[in-house]
Amino acid sequence: MDDAKLLIGRGGRPAAMLRQNGISFGRGSAGMKSQGVVRIGAGAGTSDDRMVPALELAERGNIDYLVFECLAERTVSRENLSRSKNPDQGYSPSLHARLRMVLPACMRNGVRIVSNMGAANPVGGARATRKEAADLGLGDVPVAVVLGDDVSSIVKHRPELRLMENGEPLESILPAMISANAYLGADVVCEALNTGAPIVLSGRVADPSLFLAPMMHEFGWAYDDLPKIAQGTAAGHLLECTASVTGGCFGWPGKKEVPDLALNGYPFADVRADGSIVIGKTPDTGGRLDVMTCTEQLIYEIHDPTVYLTPDCTLDITGVKLTQEESDRVRVEGARAKPRTDTYKVSVGYADGYIGEGEVSYGGIDAIARAKWAAEVVKERLRLQGFKYEDFRVDLIGMSSLHGAPDQRPEPYEVRLRLAGRTRDRKAAHAIGFETRAMHMHGPGGAGGACEPRVRDVLAVKSVLLPKNLVNAQVVVEGTL
Amino acid sequence: MSIRVYDLAHARAGDKGNTSNISVICYDAKDWDFIERELTPQRVSEAFKHIAKGPVKRYPLRNLKAFNFVIENALGGGVTISLAQDIHGKSLSNVMLAIELPDRT
């Protein structure tokens, strides 16, 4: 293992990359670079995303980079709590399984990995990554770590910052703050790639930036080259939810068919130095990739389509043209951008009490009337015990739990009653499920299948804007380059 | 006879905080003008009134045969604190698809 060596070429770029035990990293037949194309694959779009499609990309997708986006809005808060209990933890718990699966293929095929699985502890995540690599017999693999997204110590001293959601000062949630993380941009991730380390691990980075960074690194795009930064950001946005562009979250029987949905593959972007982009997917996988799937994903989670703010630019997708080039390949043209703003968006996670839930089912004659009666009984029991809730909700699952308006819906044969409430008092949260379960014995006739009382901690998230010059984004390397 | 959004377009819902955005994408570009005329923010607001307080804004994306509807105060306070089962409001695109529009003839 000690013969691991990383050769840095001129200009700080990796020349031969890692050579060890017959494994050559960064050359060989895999990848698309010899054709003037850099192929960037999407390996995960959420912490719970499937793992095997990423392996398919690494093994036979001919990719140069594999990007794992694994942080939902409140994930960093949750991982901060893990870290406070054990300082070695706080990175994405899925890191071990994901890397164990893809590392051998990535190292064999010269695929570099970029991921925000560092979550609340990128250095800890890098050490875990290195251990996984060593345990797999892959030697001493250096990991470049992006730091600086954790701005909790900075915002603590700025209680006057305004919460974007309600305009109140940050002060109102500071006492309960668990984490504060800036969405860093592609610039610092690109710096991390410039070290030559085969793996880059970060905490909070804006999703499209994880994909834009390899393009900037490979082609030397200037951070202010707006047409290219726009194209790269649009491509990143298309890839950041993996299967959402390859037929996931899309199909509709008889209307929008998706072949082999159970086996849908993950997408990649083929990028050229001039900023031209084609989106494709792993060959011989299920799913579909076409103008329709790409359009749905392009507009997903965008508000004003002329002002999509990322740390890297202000993206405008109104000029985007999507063209089907061939089966499962879509060309993306016409993304535009205005300059980036001088602030980072910061997600502030804070403890906000508890949510309690209970469920029980009714079926047959008068199922709805009995369910409604039970809901009134549970509410009365909670009231008599003096419990208070900031928000409370009664759902008739099968009738009105998703889209409301129970009075306008036809009555189903059976219904599942669900009660949920948010409160500062853990006992009050637990009582919802307790009293709902008691409907077996104490409620209207014929209740069945109540669940155990459920209580979960609420990790709420609000946002502030923080001037970029206050944030110290930086790169450290774990291991020897 | 009326026609539903479902008959002319497909849709996907996304979330940010307490705001839902729902795309409406025409299968056929020739239906874009009709949708623009009939699927007004007011009509969408009315269809979502029992779910979202609003307001509703509509952004045209003619190049993509699409519109983007941004519906405020739609997600029970936001993903992290919502009591809803569908905290992200992923299913809300189906409320959009079910909206009935006047017949063109």
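Below is a short write-up of the structure. Just so you know, these numbers come straight off a predicted model, no measurement behind them.

Some thoughts on the side chain of Thr-285 of chain A
Residue and element names in this part refer to chain A.
Now for step 1: On the secondary structure map, Thr-285 appears in the loop between β11 (277-281) and α9 (291-299).
Now for step 2: In this structure the side chain of Thr-285 is engaged in a polar contact, spanning 3.0 Å, whose partner is the side chain of Lys-281.
Now for step 3: Once you skip the residues sitting within four places of it in the chain, Thr-285 turns out to touch Glu-56, Arg-60, Leu-263, Asn-264 and Gly-265.

Comments concerning unusual backbone geometry
Now for step 1: Following Gly-54 of chain B, the chain continues to Pro-55 of chain B via a peptide bond in cis, the omega torsion being 0 degrees.
Now for step 2: In this fold, Pro-55 of chain B is placed in the loop between α3 (41-47) and β4 (56-61).
Now for step 3: One non-glycine residue, Asp-284 of chain A, adopts positive backbone phi at about 60 degrees.
Now for step 4: By secondary structure assignment, the location of Asp-284 of chain A is in the loop between β11 and α9.
Now for step 5: Unusually for a residue other than glycine, Asp-328 of chain A sits at a positive phi of about 60 degrees.
Now for step 6: Position of Asp-328 of chain A relative to the elements: it lies in the loop between β14 (321-326) and β15 (329-333).
Now for step 7: Classification of Asp-328 of chain A by relative accessible area gives partly exposed; the value is 24%.

Some details on the packing of aromatic side chains
Now for step 1: Scanning all chains against the criterion turns up four aromatic pairs over all chains.
Now for step 2: Relative to Trp-221 of chain A, the ring of Phe-219 of chain A lies with its centre 5.6 Å away and its plane at 25 degrees, an arrangement referred to as stacked.
Now for step 3: Looking at Phe-219 of chain A, the relative accessible area reads 22%, which means it is partly exposed.
Now for step 4: Aromatic side chains Trp-32 of chain B and Phe-67 of chain B sit 4.5 Å apart centroid to centroid with 15 degrees between the ring planes, which places their arrangement in the stacked category.

Focus on the interface of chain B and chain A
Now for step 1: Taken together, the contacts link 41 residues of chain B with 50 residues of chain A.
Now for step 2: Both sides of the chain B and chain A interface together cover about 3,700 Å² of buried area, and 58% of this is carbon and sulfur.
Now for step 3: Among the residues chain B hides against chain A, the three largest losses belong to Arg-12, Thr-80 and Leu-83 of chain B. Together they make up 23% of the total.
Now for step 4: Counting the contacts that link chain B with chain A gives one salt bridge.
Now for step 5: Measuring nitrogen to oxygen at the nearest pair gives 2.9 Å for the salt bridge that ties Arg-12 of chain B to Glu-296 of chain A.
Now for step 6: If you look at where chain B meets chain A, you find 21 residue pairs in polar contact (both at pLDDT 80 or more).
Now for step 7: Among the secondary structure elements, those contributing two or more residues to the side of chain B that touches chain A are α1 (5-8), β2 (9-16), β3 (19-26), β4, β5 (66-71) and α4 (93-97) of chain B.
Now for step 8: For the side of chain B that touches chain A, the leading source of residues is β2 of chain B, giving seven residues.
Now for step 9: Considered class by class, the residues forming the side of chain B that touches chain A number 20 nonpolar, 15 polar and six charged.

Reading the values: the criteria
- Residues numbered from 1 in each chain as written.
- Chains lettered and ligands numbered in written order.
- Predicted model: local features only at pLDDT ≥ 70, side-chain atom pairs only at ≥ 80, totals over all residues.
- Heavy atoms only, no water.
- Helix = DSSP H or I, 4+ residues; strand = E, 2+ residues; numbered from the N terminus.
- Polar contact = N/O pair within 3.5 Å; in protein donor to acceptor, adjacent residues only side chain to side chain.
- Contact = heavy atoms within 4.5 Å.
- Buried < 20%, exposed > 50% of the residue type's maximum accessible area, 1.4 Å probe, protein only.
- Phe/Tyr/Trp six-rings, centres within 6.5 Å; stacked < 30°, edge-to-face > 60°.
- Buried area = accessible area lost by both parts, 1.4 Å probe.
- Salt bridge = Lys/Arg side-chain N within 4 Å of Asp/Glu carboxyl O.
- Nonpolar A, V, L, I, M, F, W, Y, C, P; charged D, E, K, R; others polar.

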